[in-house]
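Structural overview
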Amino acid sequence: MMEPGSEADSSRGGKVAILGAGSLGTALAAGLWKAGRRFALWTIEDDVAESLRAYRENVKYLPGIKVPREVEVTTALEEALNGAAAVVIAVPSHVVRTVARRAAPGVPPDAILVSTAKGLEQGTLLRMSQVIAEEMPDPLKGRIVAVSGPSLAPELGQGIPTGVDAACEDVELARHVRGALTTRRFRFKIRRDVAGVEAGGTFKNLYAIGAGVCDGLGLGSNTKAALLTKALGEMIVCSRALGGKASTLYGLSGIGDLLVTATSTHSRNRTLGEHLGKGHRVAEVTRGMVSVTEGVDAAQCAHELAVQRKLRLPVAETIHKILNGTDKPDAIVKAALP
C-alpha cells in the first residue's frame, strides 16, 4: 500500500482551484500540473487571463514560464470553485480577506483550503489562516492548511526541486494536500504548528529587505551573515508571540525561506532592500513593480507586534525605520553586529 504523498496517491485529490494568477499562483499551475490532475487558475485581471489563454504564459507576472493548456484559466470565481477538492488561496496578504469572503459561498463544504499568502493582516495582526477562517462557514473553518517555505516562483514554475512545510492541526488534512500537490520535485514536510509556519513566511520578508540593504551598501557576506543570524532569533521571538514553536523556525518555512529570500536575485524583498541601500526611496522602487513586496507590510506588523507584546526586535525596528526614512541605510550595520 502506498503512503500518502506517493505518486499513486497524488492523483486522488480531484480538482485544484488556484485563486490568484500572480507569480506564485501561476508557478503552482505550471510546475505542479501533470497528467491526471485538474487545475483551474482564477484571476480578477482580464489582461492576465487573456495572456494565459493566448500564449499560455503570464507575461505580466511570470514571463518565460509556460502553463499547460490543460490548466483551465477563468475570471469567473464560481466556475473555478465548482467541484474543487482543494482551493489554494495564492493572493497577496492584503487582499486575502476580500478574496476569501467572495469565495466562501462557492467553496464545496468538503474542500480543503490551502493558504500560501505570507503576511499578517494590517491592524488585526491575524495570521492568514485566521483571516480565511473568519470568512468561511463553520464546516470549513477547521479545514485550512498553511503552506510555506523556500519556493521562489520562477524556480517552482520551471520544476526545480523544492521543499515546503504544510501545517494543520489536523495532520490528515495536510496529508491530503500533500497528496493533491506533491510531485517528484515538489515535496512537503507535514507539521502541526500552523502559527510557526505562518510566522516564518511572514517575517522572513522584512529581514530579506535588510539583507538587500547590505547588498546595496556593498557590505559583503560577513555583515549579511551576522544580520541573518540575528534575524532568525527575532523570527523565533515573533513566532512565539503568535503562538508558534521555536523548532519550526529551524525548518523550511523558517530558516529555509529566510535564506532563499535574503540571497536570491529573484527575491523582490531583497531587491527592494538593495535599492534602498543605494539611496533610492521605497516609493521610487515599488512604483515600477507589478508584484507586491510583502516585506514592507511585514515590517509594519513586526513594529506593531513589538509595541503590543513589548518585544525587543532591534533588527526589525531598524529595517522599519529605514523603510520609513527615519534611519539611513547604513544603520543596518549597527543592527547586524553584536
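So, here's what we can say about the structure.

Thresholds, definitions, all that
- Residues numbered from 1 in each chain as written.
- Predicted model: local features only at pLDDT ≥ 70, side-chain atom pairs only at ≥ 80, totals over all residues.
- Heavy atoms only, no water.
- Disulfide = S-S within 2.5 Å.
- Helix = DSSP H or I, 4+ residues; strand = E, 2+ residues; numbered from the N terminus.
- Polar contact = N/O pair within 3.5 Å; in protein donor to acceptor, adjacent residues only side chain to side chain.
- Core = buried A, V, L, I, M, F, W, Y, C linked by side-chain atoms within 4.5 Å.
- Buried < 20%, exposed > 50% of the residue type's maximum accessible area, 1.4 Å probe, protein only.
- Contact = heavy atoms within 4.5 Å.
- Arc of directions from axis to C-beta.
- Phe/Tyr/Trp six-rings, centres within 6.5 Å; stacked < 30°, edge-to-face > 60°.

Things to note about the state of the cysteines
Summed over all chains, the structure comprises 0 disulfides. Residue Cys301 stays outside any disulfide, its sulfur separated by 10 Å from that of Cys238, the closest cysteine.

Comments concerning the environment of Lys118
Within the secondary structure, Lys118 is located in the loop between β7 (112-115) and α6 (128-135). Each C-alpha atom, one on Lys118 and one on Val282, is 20 Å from the other, the two residues being 164 residues apart in sequence. A polar contact is formed between the side chain of Lys118 and the backbone oxygen of Gly149, at a distance of 3.1 Å. Polar contacts involving the side chain of Lys118 include one to the side chain of Asp257, which spans 2.7 Å.

So, the nonpolar core
The tendency in soluble globular proteins is for nonpolar side chains to be buried side by side. Of all hydrophobic cores here, the largest spans 43 residues; its most connected members are Phe203, Leu206, Tyr207, Leu276, Ile319 and Leu323. Within the residue set of this core, elements represented by two or more residues are α10 (194-217), α11 (220-241), α12 (252-263), α13 (268-277), α14 (282-286), α15 (294-309), α16 (314-324) and α17 (331-336). With 9 residues, the top contributor of residues to this core is α10. For Ile319, the residues in contact, after removing those within four places along its chain, are Leu206, Tyr207, Ile209, Gly210 and Ile332. Of all hydrophobic cores here, the second largest spans 38 residues; its members include Ala49, Val73, Ala86 and Val114.

Points about helix α5 (residues 96-103)
Looking at α5, one finds that the buried residues are Val96, Arg97, Val99, Ala100 and Ala103. End-on view of α5: buried residues confined to an arc of 165°, all on one side of the axis. Elements in contact with the buried residues of α5: β1 (15-19), β2 (39-42), α4 (77-81), β6 (84-89) and α6.

Structural notes on the packing of aromatic side chains
Counted by the stated rule, this structure contains 1 aromatic pair. Pairing Phe186 with Phe188 gives two aromatic rings, centres 5.1 Å apart and planes at 85°, and the pair type is edge-to-face. Taken as a pair, Phe186 and Phe188 share a single burial class, namely buried.

Spatial relationships are all this shows, so hold off on functional conclusions.
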